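# Observations on the model geometry
Here is what each chain is made of, one letter per residue.
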Amino acid sequence: MSNETTKIDPNCSITKRHIREAKAVGLTLLGSGKDRKYRTYHINKCEHIQQFQVGHVKENNFRCSRCLDMKLSKEAKAQNLSLLTTPPGSKLKSQRLYRFNECEHEQVISPANVRKGKDFKCNECFEIKLNKEAKDAGLRLIGKANNKNANYRQYEILKCLHRQDITTSNARTGGYYCSQCQVIKHAKEASAGGLTLVEEGKDSNYRVFSFNECGHIQEIHLSAVRDGNFVCNTCEETSRDLPSEVYMLKIVVGSFSYLKLGYTNNLIYRIKRYKLPESASLSRVKILKFKKGRDAHQFESFLHIKYKANVIDQVAMQRFHPGSGSTECYPLDMLDTLMDELELKETQLKSSSDHRIVQ
Ligand SMILES: [Zn+2]
Ligand SMILES: [Zn+2]
Ligand SMILES: [Zn+2]
Ligand SMILES: [Zn+2]
């Protein structure tokens with residue numbers, strides 16, 4: 001019997017009532033409890049001795065905590081866990097403290113989950129695993145994700161030191177990309193094409209840009225921006241029926257010479273927009289006149305696609321073309337090839353206009 005138990009007066013009418021109430025629910029009243037509300041009882045079924053509140057006994061609302069612990073211990077063992085004694089003053093209610101037998105880490109888990117054998121894992125071991133997976137995938141695990149989704153964590157991408165929320169499974173497989181680097185890359189590609197990013201597009205493949213040259217706004221596919229394969233539709237529309245030129249220029253900056261191909265209805269204005277270095281000298285190698293802008297554009301696109309592989313990297317050309325025109329620059333050794341194309345076209349244009357005159 002517990003030390004706290006003191007004798008009670010069996011002749012007291014209240015005590016007599018408590019004895020009766022205990023008997024009715026399979027208990028035997030042994031003595032007083034830790035305070036006025038409690039009494040010490042012998043549980044007839046399991047032979048354990050325990051304190052309960054008198055009110056709870058009356059309502060048959062009590063359970064043997066030692067039997068419960070034994071049951072939880074057994075359930076824990078089945079999951080390779082050990083049930084630990086709840087630390088005094090602990091605020092654990094429906095949860096208990098367990099130790100994983102394998103790794104010896106301790107963790108608070110709900111007994112219901114232990115019973116089901118699911119919805120729990122060793123969090124410490126899991127963090128160790130995530131750290132290792134992150135390292136293997138070029139990442140550093142920072143901590144909780146900002147987006148609050150349980151599948152995400154915040155990582156630092158070691159290559160660029162940008163931080164980003166990534167799913168743990170993508171971190172494991174390396175299936176991620178740096179969205180900040182991507183924004184920077186898209187901005188570079190845009191500026192190389194004479195564009196400025198304005199806002200998001202209709203989906204992740206599109207963005208809205210403004211043309212540096214004319215200020216018109218247009219939604220363009222990112223891959224078209226990357227390849228420089230776009231025109232301003234508004235300008236295109238208005239210049240479609242105006243006479244235009246396809247031109248080939250030779251530009252010399254210091255010791256570097258290159259060819260610049262393009263089409264325009266105002267060559268002088270176009271060249272100004274390149275913002276070439278002051279030291280640059282420029283000669284017009286070939287000018288082909290078209291009656292309609294649309295034909296000039298069509299021919300220029302044809303050359304652009306045909307000789308895409310020969311073009312000088314537009315990012316590299318930006319140092320000479322900070323304004324525009326960094327696309328469609330060719331090395332000097334393309335002179336004969338491009339000249340042949342332009343002269344062939346010139347012949348075709350001439351014969352078709354001769355033909356028209358004959359008509
Ligand atoms: Zn018991
Ligand atoms: Zn562990
Ligand atoms: Zn980055
Ligand atoms: Zn425009």
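Residues numbered from 1 in each chain as written. Chains lettered and ligands numbered in written order. Predicted model: local features only at pLDDT ≥ 70, side-chain atom pairs only at ≥ 80, totals over all residues.

Here we take up the overall build of the protein chain. In terms of regular secondary structure, the protein chain is built from 13 helices and 16 strands. Computed over C-alpha atoms, the radius of gyration of the protein chain comes to 41 Å, more than 25% over the 21 Å expected from 2.2 N^0.38 for 359 residues, which places it beyond the range of a compact globule. Expressed as lengths along the three principal axes of its C-alpha atoms, the size of the protein chain is roughly 135 × 40 × 35 Å. Burial analysis of the protein chain (359 residues in total) assigns 21% to the buried set. (Helix = DSSP H or I, 4+ residues; strand = E, 2+ residues; numbered from the N terminus. Rg over C-alpha atoms; globule rule 2.2 N^0.38 Å. Buried ≥ 20, exposed ≤ 12 C-beta atoms within 10 Å, placed from the backbone.)

Quick look at helix α3 (residues 65-78) now. With 14 residues, α3 should reach 20 Å at 1.5 Å per residue; the first-to-last C-alpha distance of 20 Å fits that figure. The first or second residue beyond α3 is asparagine 80, which carries a positive phi of 60°. (Expected span 1.5 Å × (residues − 1).)

Next up on the list: the domain arrangement of the protein chain. By domain assignment, the protein chain separates into domain 1 (13-62), domain 2 (66-116), domain 3 (123-177), domain 4 (193-233) and domain 5 (240-350). Look at where the C-alpha atoms of domain 2 and domain 5 centre, and you get two points 77 Å apart. (Domains from an automatic or database assignment.)

Moving on, we get to the environment of arginine 96. Within the secondary structure layout, arginine 96 lies in strand β5 (residues 96-100). Along the primary structure arginine 96 and cysteine 12 are separated by 84 residues, whereas in three dimensions their C-alpha atoms are 40 Å apart. Those residues in contact with arginine 96 that sit more than four places away from it in its chain are Leu72, Leu83, Thr86, Ile109 and Pro111. (Contact = placed C-beta atoms within 7 Å.)

Glancing now at the sheet that holds strand β11 (residues 206-211). The strand order across the open sheet built from 3 strands is β10-β11-β12, with neighbouring strands paired in antiparallel fashion. In this open sheet, the two strands that pair with only one neighbour each are β10 (195-200) and β12 (217-221). On average, each strand axis in the sheet is inclined to that of its neighbour by 40°, with strand direction left out of account. Here helix α7 (residues 179-192) sits on the sheet in contact with β10 and β11, set at roughly 135° to β10. (Pairing = 2+ DSSP bridges. Axes fitted to C-alpha atoms, helices over the stretch in contact; angles between N-to-C directions.)

Counting residues in each nonpolar core, the largest one holds 17 residues, and the members touching the most others are Val246, Met248, Leu249, Leu259 and Ala296. A total of 5 residues in this core trace back to one element, the largest contributor, which is strand β13 (residues 244-253). Sequence-distant contacts of methionine 248, defined by excluding residues within four places in its chain, comprise Leu259, Leu261, Val285, Lys286, Leu338 and Leu342. By size, the runner-up hydrophobic cluster in this structure holds 8 residues, among which are Leu83, Phe100, Ile109 and Val114. (Core = buried A, V, L, I, M, F, W, Y, C linked by C-beta atoms within 7 Å.)

Let us look at the pairing of β5. Burial along β5 is one-sided: Arg96, Tyr98 and Phe100 are buried, and none of Leu97 and Arg99, which face the opposite way, are. Direction of pairing for strand β4 (residues 81-83) relative to β5: antiparallel, over a ladder of 3 bridges. Paired with leucine 81 across the bridge in β5 is phenylalanine 100. The pairing of β5 with strand β6 (residues 106-109) spans 4 bridges and is classified as antiparallel.

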